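Chain by chain, the residues:
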2 protein chains.
Amino acid sequence: MSLSEFDIIARYFRRSPAGSGVELGVGDDAALVSPSPGRSLVLAMDTLVEGRHFPADTRPADIGHKALAVNLSDLAAMGAEPAWALLALTLPTVDEDWLRGFSEGFFTLAGRFGVTLVGGDTTRGPLTVTVQVLGQVAAGRALRRDAARPGQHLFVTGTPGDAALALEGVLAGESVASALRERLDRPEPRVVFGQRLAGLACAAIDVSDGLLADLGHLLEASGCGARVDVDAIPRSRWLRAIDDSRALAFQLGGGDDYELCFSVDADQVEAVHEAARDCGLAIAEIGIVEPQPGIRCVRADGSPFEAVVPGFDHFGDRRG
Amino acid sequence: MSLSEFDIIARYFRRSPAGSGVELGVGDDAALVSPSPGRSLVLAMDTLVEGRHFPADTRPADIGHKALAVNLSDLAAMGAEPAWALLALTLPTVDEDWLRGFSEGFFTLAGRFGVTLVGGDTTRGPLTVTVQVLGQVAAGRALRRDAARPGQHLFVTGTPGDAALALEGVLAGESVASALRERLDRPEPRVVFGQRLAGLACAAIDVSDGLLADLGHLLEASGCGARVDVDAIPRSRWLRAIDDSRALAFQLGGGDDYELCFSVDADQVEAVHEAARDCGLAIAEIGIVEPQPGIRCVRADGSPFEAVVPGFDHFGDRRG
C-alpha cells in the first residue's frame, strides 16, 4: 500500500480549474456550490458493482466512463444540464495503472459535459463505484415519468438492444466486435438532446433495464398504456445479423443501453425531429400512448406480437 | 430472492411526506429539489464498508444510523443545515430483518434533523453503504478548513477517543459496555451546534481520522500550526479507567468520533461557550493556533509531550 487516500485524491481526482458555480471543491469536509436561482436541482446516484454492472475484464477507462455516463443518462432523462459530481470509489487495492485509466475515462466524459468533480470518498473494499451527479433545469420544465397522456407519440433514441447483445457475447467468451463492445462499455448519455427535449417532450425515462420494462415504468407512473410497433424500433447492424426473434428480444428486453424513451404531443413531433437532427442523433417513433394500461406490441403489418420480456432488475436476477 | 429492487425501495425507502424543498422524490430517473436562494449548497458523500468502517456484528439499525451520521457530521463541520440525502445500498442478499433495522436507524436520524431521502440506488454485491447528503448554509458563512489564523483558540466537542477504545475492545473479542459501544456504533453528529458555529467560529473539521490528524489537516490547509494542551482534552469515564499513556493515544489518534474541532477568534470565545451551553454540548478549549507549522503537544504543566499518533486512513492501513 504505497498511496494513502489523500495521495490518491491528490494524484488522480483533484483537477482544476473548478467549473462554474463551484465555491469549494475536493479537499474540505464537504463541497460548496452555488445553484442558479429559478432552476430546480436534479439529483441522481447510481452504483456499478464489478461482475454485476460491468464484466470483470472491463478496461478501467471504460469503468470510469460508464460510472459517470449512467448518471448523466439519468439527468438527460430529466432534461437537465449537468453541473457537479461526487465519486465514492471502493477499491480492493491501490493499482496506479487502474486509477490512471479510471480517472482518465471519468474526466474525459466529465469535461465533454462541463461536469466538475467536487468531492467524494475513497475506501478499501470490493470494487464498487458510486457516482452522484447534480444538474439543473428550469423550474417546471423537468421531464418526469408521470407526464405521458393518451394520444402522445412514443419515441426512442439510438438502437436499443446492442449492449445486451454485447454482454451475451462477453459472457459466452466469444470475440465481440470492438464497436459493439463499446455499446456496452462506453454508453453515450443523451445529455444535449435531453436538454433540448425539456419543454418539447412530456414524459421521459432512460432505458437502463430494457425498453419495454422502462417504458412500462413510465406508463405505470402516468396511469396509461401504449401500443408499440416493434418493427419501428431501429435495429443496429449487429442485431440485423442475428435471428429476428432473438433480435427483438434484445431490442425489447436488453438493459444497459442508456437511450431515452419519451412521449411527445402530436403538435411537437416535428420540433422533436428537428432537435434530433440538430444533435445528430437518430430517433424513431415507435408507438402511441393509449388510455388502457399495459403495452400492446404489434408487428409492422398490425399483427399482435407477444413480447415475453424480462426487465433487468439491478438488484435481483433477470425476471422471467 | 423474493424482493426486487423496486419492492425494496417501495417497502423500506419510500417515506412520506416529502420534506421542505422536495419537488420530486424517490421513484423517477432523478430527484428534483429547490435550493433556497442566497445560500450555498453543501455536498458530502461517505462510504461505509463492512469490516472496515463497522464491525461485521454491527446491528443493522446502527449501520443505518452511522451511514447517515458520518455524512451529517461533514455538514456540521461546514456549519450547514441538512436538507436532502441519497442512499446507494449494495447488499449481498435480501434480508428483510436487516432492511427493516437499517431503514429504521437511517430514518430515525434523518427525521431528527429534517433530512428527506430523495433518491439513490440499490444493487447486489458486497455490503457497502454510500450516503450523499445535501445541506445549505448562508453564502459566505460556511466553516472551511483553511480559515484558521494564529492567535485563534482551538476547541473540541465531546470526548474524543471513545470510539477507538470501543473498537479495540470489539476487535479483541472483549465485552464492551453498551454505552461505550454506542460511541462507536451511533455517533452523534454535531449538527445543531455546527450551525451555531457558522458565523462564530473560523475554521472547522470533524474528527473522523483522529484528533491530531484532523487538526493537522485543518492547520495545513490554513498554513499555520498549533500548540495543544493534551490534558485539556476531555477524557470520558472509560478513558479515565485506563492507563494515562494509552488514554492519550486514543484521545489524540483514535478515529470515528465525529466530534468537531474548530478555531475561534478571541473575541468570540464567550459566544461559542454560550452556543455550546444552549446546545447542551460539552466543549473544551485545547490549544492555540500559532504561525509555525506543526502541532506542538504539551502537558498541563507546560512540559512537551511527544505524540506519536497515526491518523486513520480510510483507504490504507493505520499509518505509523
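Residues numbered from 1 in each chain as written. Chains lettered and ligands numbered in written order. Predicted model: local features only at pLDDT ≥ 70, side-chain atom pairs only at ≥ 80, totals over all residues. Heavy atoms only, no water.

Draft legend 1. View of the interface of chain A and chain B. The interface is formed by 66 residues belonging to chain A together with 66 residues belonging to chain B. Summing both partners gives a buried area of about 5200 Å² for chain A against chain B, and 61% of it is carried by carbon and sulfur. For the interface between chain A and chain B, the tally reads four salt bridges. A salt bridge links Asp28(B) to Arg145(A); its shortest N-O distance comes to 3.6 Å. Applying the counting criterion to the chain A and chain B interface returns 16 residue pairs in polar contact (both at pLDDT 80 or more). At ten residues, strand β3 (residues 39–49) of chain A tops the list of elements feeding residues into the side of chain A that touches chain B. In the sheet, strand β2 (residues 31–33) of chain A pairs with strand β3 (residues 39–49) of chain B via three bridges, with the strands oriented antiparallel. (Contact = heavy atoms within 4.5 Å. Buried area = accessible area lost by both parts, 1.4 Å probe. Salt bridge = Lys/Arg side-chain N within 4 Å of Asp/Glu carboxyl O. Polar contact = N/O pair within 3.5 Å; in protein donor to acceptor, adjacent residues only side chain to side chain. Helix = DSSP H or I, 4+ residues; strand = E, 2+ residues; numbered from the N terminus. Pairing = 2+ DSSP bridges.)

Draft legend 2. Representation of the side chain of Asp206(A). All names here are of chain A. Tracing the backbone shows Asp206 in strand β8 (residues 204–207). Salt bridges are absent for the buried Asp206, whose nearest opposite-charge side chain, Arg145, sits at 5.4 Å. For Asp206, the side chain forms a polar contact with the side chain of Ser73, separated by 2.6 Å. (Buried < 20%, exposed > 50% of the residue type's maximum accessible area, 1.4 Å probe, protein only. Lys, Arg positive; Asp, Glu negative; His and termini not counted.)

Draft legend 3. The packing of aromatic side chains, seen in detail. Residue and element names in this part refer to chain A. With the rule as written, the count across this model stands at 14 aromatic pairs over all chains. The interplanar angle of 5 degrees and the centroid separation of 5.4 Å between the aromatic rings of Phe155 and Phe262 together place this pair among those described as stacked. Of the two residues, Phe155 is situated in strand β7 (residues 153–157) and Phe262 in strand β10 (residues 259–264); the sequence distance between them amounts to 107 residues. Here a set of aromatic residues connected by ring pairs shows up, and it is made of Phe13, Trp98, Phe102, Phe106 and Phe107. (Phe/Tyr/Trp six-rings, centres within 6.5 Å; stacked < 30°, edge-to-face > 60°.)

Draft legend 4. Representation of the relation of the copies chain A and chain B within the structure. Rotating chain A by 180 degrees about the axis while translating it 0.0 Å along that axis superimposes it on chain B, leaving an RMSD of 0.0 Å. Accordingly, the operation relating the two chain copies is best matched by a two-fold axis. Across chain A, the rotation axis passes nearest the C-alpha of Pro37(A), at a separation of 3.0 Å. An overlap of 100% is found between the interface residues of chain A and their copies at the interface of chain B, pointing to a shared contact surface. (Least-squares fit on C-alpha atoms with pLDDT ≥ 70 in both.)

Draft legend 5. Looking closely at helix α10 (residues 269–279) of chain A. Residues and elements named next belong to chain A. Turning to α10, its buried residues number three or more, namely Val269, Val272, Ala275 and Ala276. Across the axial projection of α10, the buried residues extend over an arc of 120 degrees, all falling on one side. Across α10 from its buried face, at more than 90 degrees, point the exposed residues Glu270, Arg277 and Asp278. Where α10 is buried, its residues meet β7, α6 (191–197), β10 and β11 (283–290). (Arc of directions from axis to C-beta.)

Draft legend 6. Broad picture of the confidence of the model for chain A. Residue and element names in this part refer to chain A. Across chain A, the average pLDDT comes to 92, with 94% of residues at or above 70. Considering only residues more than four positions removed or in separate chains, one finds that residues 314–320, a stretch of pLDDT under 50, has 37 contacts. Scored as a complex, the prediction yields pTM 0.93 and ipTM 0.91. (pLDDT = per-residue confidence, 0-100.)

Draft legend 7. Looking closely at the environment of Asp214(B). Residues and elements named next belong to chain B. Here Asp214 shows up in helix α7 (residues 211–222). Asp214 sits in the buried class, given a relative accessible area of 2%. On a C-alpha basis, the gap between Asp214 and Leu134 in space is 22 Å, while along the polypeptide they are 80 residues apart. In contact with Asp214, other than residues within four places in its own chain, are Ile205, Asp206, Val207, Ser208 and Asp209. Among the polar contacts made by the side chain of Asp214, one reaches the main-chain amide nitrogen of Asp209 at a distance of 2.7 Å.

Draft legend 8. Representation of the domain arrangement of chain A within the structure. Residues and elements named next belong to chain A. Here chain A is described as being made up of domain 1 (5–138) and domain 2 (145–298). Averaged C-alpha coordinates put domain 1 and domain 2 at centres separated by 25 Å. Across the contact, 24 residues belong to domain 1 and 21 residues belong to domain 2. Across the interface of domain 1 and domain 2, roughly 1800 Å² is buried in total on both sides, 56% from carbon and sulfur atoms. The tally of links from domain 1 across to domain 2 stands at four salt bridges. The closest approach of N and O atoms between Asp256 and Lys66, which form a salt bridge, is 2.8 Å. Looking at the side of domain 1 that touches domain 2, the elements that each hand over two or more residues are α2 (60–78), β4 (81–91) and α3 (96–112). It is α2 that contributes the most residues to the side of domain 1 that touches domain 2, eleven residues altogether. Tallied by class, residues from the side of domain 1 that touches domain 2 come to twelve nonpolar, five polar and seven charged. (Domains from an automatic or database assignment. Nonpolar A, V, L, I, M, F, W, Y, C, P; charged D, E, K, R; others polar.)

Draft legend 9. Focus on the sheet that holds β7(A). Residue and element names in this part refer to chain A. If you walk across this open sheet you meet the six strands as β8-β10-β7-β11-β9-β12, and the pairing is mixed. Two strands in the sheet have a free side with no partner beyond their single neighbour: β8 and β12 (294–298). Strand-to-strand twist in this sheet, taken as the mean axis angle between neighbours without regard to direction, amounts to 25 degrees. Pairing of β8 with β10 involves four bridges; the strand directions are antiparallel. (Axes fitted to C-alpha atoms, helices over the stretch in contact; angles between N-to-C directions.)

Draft legend 10. Quick look at helix α9 (residues 244–253) of chain A. If you check which residues of α9(A) are buried, you get Ala247(A), Leu248(A), Phe250(A), Gln251(A), Leu252(A) and Gly253(A). Where α9(A) is buried, its residues touch α4 (162–171), α7 (211–222) and α8 (237–240) of chain A.

Draft legend 11. Summary view of the pattern of salt bridges. Residues and elements named next belong to chain A. This model, assessed by the stated rule, comprises 44 salt bridges over all chains. The salt bridge partner of Asp244 is Arg235, with a shortest N-O separation of 3.0 Å. Among the residues examined, Asp244 registers a relative accessible area of 33% and is labelled partly exposed. Through salt bridges that share partners, Asp162, Arg183, Arg190 and Glu259 make up one connected network.

Draft legend 12. Up close: the packing of α2(A) against α3(A). Residues and elements named next belong to chain A. Their axes nearest at 6 Å, the elements α2 and α3 cross at an angle of 35 degrees. Remark: the crossing between α2 and α3 carries right-handed chirality. Residues Pro60, Ala61, Ile63, Gly64, His65, Leu68, Ala69 and Leu72 of α2 form the contact with α3, whose participating residues are Trp98, Gly101, Phe102, Gly105, Phe106, Leu109 and Ala110. Residue composition of the contact of α2 with α3, grouped by class: eleven nonpolar, four polar and no charged. (Left-handed = near helix turned anticlockwise from the far one by under 90°.)

Draft legend 13. Here's a closer look at the environment of Leu167(A). All names here are of chain A. Here Leu167 lies in helix α4. Residues Leu167 and Gly199, 32 residues apart in the sequence, show an inter-C-alpha distance of 35 Å. Apart from residues no more than four positions distant in its own chain, Leu167 is found in contact with Pro55 and Leu184.

Draft legend 14. Examining unusual backbone geometry more closely. All names here are of chain A. One non-glycine residue, Asp256, lies in positive phi territory at about 75 degrees. With respect to the secondary-structure elements, Asp256 resides in the loop between α9 and β10. Classification of Asp256 as buried rests on a relative accessible area of 13%. Residues other than glycine seldom take positive phi values, yet Tyr258 does so here, at roughly 60 degrees. In this structure, Tyr258 sits in the loop between α9 and β10.

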